[in-house]
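Spelled out, the chains give:
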Amino acid sequence: MEMAEFYYDVIVVGGGHAGCEASLAAARMGCKTLLLTLNVDNVGLMSCNPAIGGLAKGHLVKEIDALGGEMGLNIDETGIQFRILNTKKGPAVRASRAQADRDLYRRRMLRVIQNQDNLHLKQLVVSRLIIDSGVVKGLETREGYVFSSRSVILTTGTFMGGLIHVGLNNYEGGRSGEPASFGISEQLRALGVEVGRLKTGTPARLDSRSIDFTRLEQQQGDVDPKPFSFVSGGIKLPQISCHITYTNENTHRIIREGLSRSPLYSGVIEGVGPRYCPSIEDKIVRFPEKDQHQIFLEPEGLTTTEVYPNGVSTSLPPDVQVRFLRSIVGLENVEIIRPGYAIEYDYIEPRQLKSSLEMKSVEGVFLAGQINGTSGYEEAAAQGLMAGINAVQKCRGGEPLVLRRDQGYIGVLIDDLVTLGTSEPYRMFTSRAEYRLLLREDNADLRLTPVGRSVGLVDDGRWDAFEQKREQISAAQKRVEEFRITSSSQGWIERFGLFGLKNGISLVDLMKRPEISVAELAEYSGLDKEFTSAVMEQLEIEIKYQGYIQRQIEQVARFKGLETMKIPDSFTYEDLRGLSAEVREKLDKVRPSTLGQASRVPGVTPAAISVLSVLLGRK
């Protein structure tokens, strides 16, 4: 099959959040791209909770959008409740989160993919990769198709070797109602690739008609919902409320009595589960001192009766699920539409990847999403976007795009994976980013839109909007520096308590005062008529936190020498004098691409980095 229609520059395997971003990025950058999925109707499906964003995850979505990705636009078009989290804390840890209409989210993403130039979508099952002398040449499907390609991106989610557990019953599946995939993980194992097993889970879906919402605490969204995308047309769908309830001692008793029939505690499940999003049975066992756990009841859409009970993921038998759910206030008569379950799946230990997400052992194969040991839609989409960009760069013979840790949360995410690896599902937190004051949601476009433009992913419309915003910020900065309040400005003195003012004060100095909000100053001075709220918010953060931001900029400058000193792929550690056998072994296993990455390998000491720096300098 050497026919032209069976050749693609980039082939993406898997139509989840990673696969969507990877295929769209490759196609938008001008490459002939093929997206293969088990079920076309489930492209972009939210397999677990119907929400996008959250703590640190919102940062990832903003960065995906800034680079030219689709996730931010998709949630803005289909979101039914938007909230900014951590509003009482500093700007570095504030985060956006939105509930989605699950069906609308999937349908819009599918529509975008089906209408994207250079992108072909096919429903086929991949059986094996075609590899020649360590270089990928394409792949073969179960149906007998053979596709040639220079780059293949695997975004298999939980489908690779997927095994679903409900109580002590288990069966093969990639997620409920869909088959697992086999062949690729076995092929990679045979090539010497380290393949592990992880576990995740999901709660039962509840029928809203059987819930007594009058007994529950209502959680409304923000009055003025803020979109994720920097080029969004605004929030269009009706906004609805979620509700909060809690487990209790009776709930915990029922769960403890059912542990003997739990696959998690009877030795049936071998994979390691997520530390930061455990099942309800895991919470009961690990935190016996807690007499209640919070549950968020999240509607799955505007027209469905399904409700997602966030906080009670479980793989207990269905009868135990019904009993413990009905012990909870408001759920006394609840009906389950779909039972909760756990799923085990294969993943590739991510230290076997380059910083570009290309496999070290098979040239041209890129991995993104849960196959790399991560959890969450946002982590998957971020990796998919970068894998798509770098697959195109590979095809064109260009340098890969590798974001530094001071450039974005995406850089932190990928560097953590390829340097430290993971033995449990990895989740992004703001605490993982040492430069988080520089990596805020509000400035993601200022950090990354020029990067997206440089690789051809940011189109003219987005770029024009970005340049306009940048010019507005510059103009606003100039205005507040020039705007002065003098002793004769009686209205200002009374409004802002400036009694005793002698020499006058600039508006920018007034903005530095923590008790005075920039929004109030902008309204009183009339600047709110000249500049958008986003521009004024950007200005406020830069002014109020100027000292802290400058300190982090100086930290970045000091460490940039380490981050930019490259280690050649051919560099050998085996015979290096001055390095211990342990350090040589660790460096040889990870094969770091820069001195900065080498410094983060566990067990590699500062002294070893100094020695390595001297040796690299000589070479």
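Residues numbered from 1 in each chain as written. Predicted model: local features only at pLDDT ≥ 70, side-chain atom pairs only at ≥ 80, totals over all residues. Heavy atoms only, no water.

Burial within strand β4 (residues 79-85) is extensive, with 5 of its 7 residues counted as buried. Bridge analysis of β4 against strand β5 (residues 95-100) gives 6 bridges, and the strand direction is antiparallel. If you follow R83 over to β5, its bridge partner there is R97. (Buried < 20%, exposed > 50% of the residue type's maximum accessible area, 1.4 Å probe, protein only. Helix = DSSP H or I, 4+ residues; strand = E, 2+ residues; numbered from the N terminus. Pairing = 2+ DSSP bridges.)

A positive phi is found at S133, a non-glycine position, where the angle reads about 55°. For S133, the position within the fold is in the loop between β7 (126-132) and β8 (135-141). Residue class for S133 comes out exposed when judged on its relative accessible area of 72%. Despite not being glycine, R591 has its phi angle at roughly 55°, a positive value. Inspection of the secondary structure puts R591 in the loop between α19 (581-590) and α20 (595-599).

Attention now moves to the packing of aromatic side chains. On inspection of all chains with the given rule, the structure shows 9 aromatic pairs. Ring geometry for W492 versus Y524: centroids 4.9 Å apart, planes at 85°, classification edge-to-face. Of the two residues, W492 is situated in helix α13 (residues 490-496) and Y524 in helix α15 (residues 518-525); the sequence distance between them amounts to 32 residues. With 5.2 Å between their ring centres and 70° between their planes, F571 and Y573 make a pair best called edge-to-face. Exposure remark for F571: the relative accessible area of 3% places this residue in the buried category. Through successive ring pairs, a cluster of aromatic residues spans F6, Y8, Y145 and F147. Over the ring of Y8 we find K32; its NZ or CZ atom is 4.7 Å from the centre of that ring. (Phe/Tyr/Trp six-rings, centres within 6.5 Å; stacked < 30°, edge-to-face > 60°. Lys NZ or Arg CZ within 6 Å of the ring centre and 35° of its normal.)

Time to look at the sheet that holds strand β12 (residues 195-202). Across the sheet, which stays open at both edges, the 4 strands sit in the order β11-β10-β19-β12 with antiparallel pairing between neighbours. Here the strands that pair on one side only, and so sit at the sheet edges, are β11 (169-172) and β12. On average, each strand axis in the sheet is inclined to that of its neighbour by 25°, with strand direction left out of account. (Axes fitted to C-alpha atoms, helices over the stretch in contact; angles between N-to-C directions.)

This part is about the pairing of strand β16 (residues 294-299). Sheet analysis places strand β15 (residues 242-246) next to β16, joined by 4 bridges and oriented antiparallel. Bridging from a neighbouring strand, H243 pairs with L297 of β16. Where β16 folds back onto strand β17 (residues 306-310) in an antiparallel hairpin, the turn is made up of 6 residues.

Turning next to the pattern of salt bridges. Inspection of every chain in the model, using the stated rule, returns 46 salt bridges. Residues E77 and K236 are paired through a salt bridge, measuring 3.4 Å at the closest nitrogen-oxygen approach. Of the two residues, E77 sits in helix α3 (residues 71-78) while K236 sits in the loop between β14 (217-219) and β15, which places them 159 residues apart along the sequence. Its relative accessible area of 31% is what places E77 among the partly exposed residues. Residue K236 is classed as exposed on the basis of its relative accessible area, which comes to 56%. In this structure, the salt-bridge partner of E335 is R326, at a minimum N-O distance of 3.2 Å. The exposure class assigned to E335 is partly exposed, which follows from its relative accessible area of 44%. Classification of R326 by relative accessible area gives partly exposed; the value is 33%. If you follow the salt bridges from partner to partner, you end up with R405, D415, D416, E434 and R600 in one network. (Salt bridge = Lys/Arg side-chain N within 4 Å of Asp/Glu carboxyl O.)

The subject of this paragraph is the environment of R28. As for its placement among the helices and strands, R28 is situated in helix α1 (residues 17-28). C-alpha separation for the pair R28 and T449, spaced 421 residues apart in sequence, amounts to 15 Å. Sequence-distant contacts of R28, that is, excluding residues within four places in its chain, are made with G68, G69, E70, V112, Q116, G456 and L457. (Contact = heavy atoms within 4.5 Å.)

Attention now moves to the sheet that holds strand β3 (residues 51-53). Sheet strands pair by backbone hydrogen bonding; their relative direction is either parallel or antiparallel. Strand order in this open sheet of 3 strands is β3-β5-β4, and the pairing throughout is antiparallel. Bordering the open sheet on either side are β3 and β4, each of which pairs with just one other strand. Put simply, the sheet's adjacent strands are angled 15° from each other on average, direction ignored. Sheet strands in contact with α3 are β3, β4 and β5, and its direction is about 115° off that of β4.

With that out of the way, let us pick up the side chain of H243. Tracing the backbone shows H243 in strand β15. By relative accessible area, H243 is classed as buried at 13%. Those residues in contact with H243 that lie beyond four places of it in its chain are F213, L216, E217, Q218, Q219, I295, F296 and L297.

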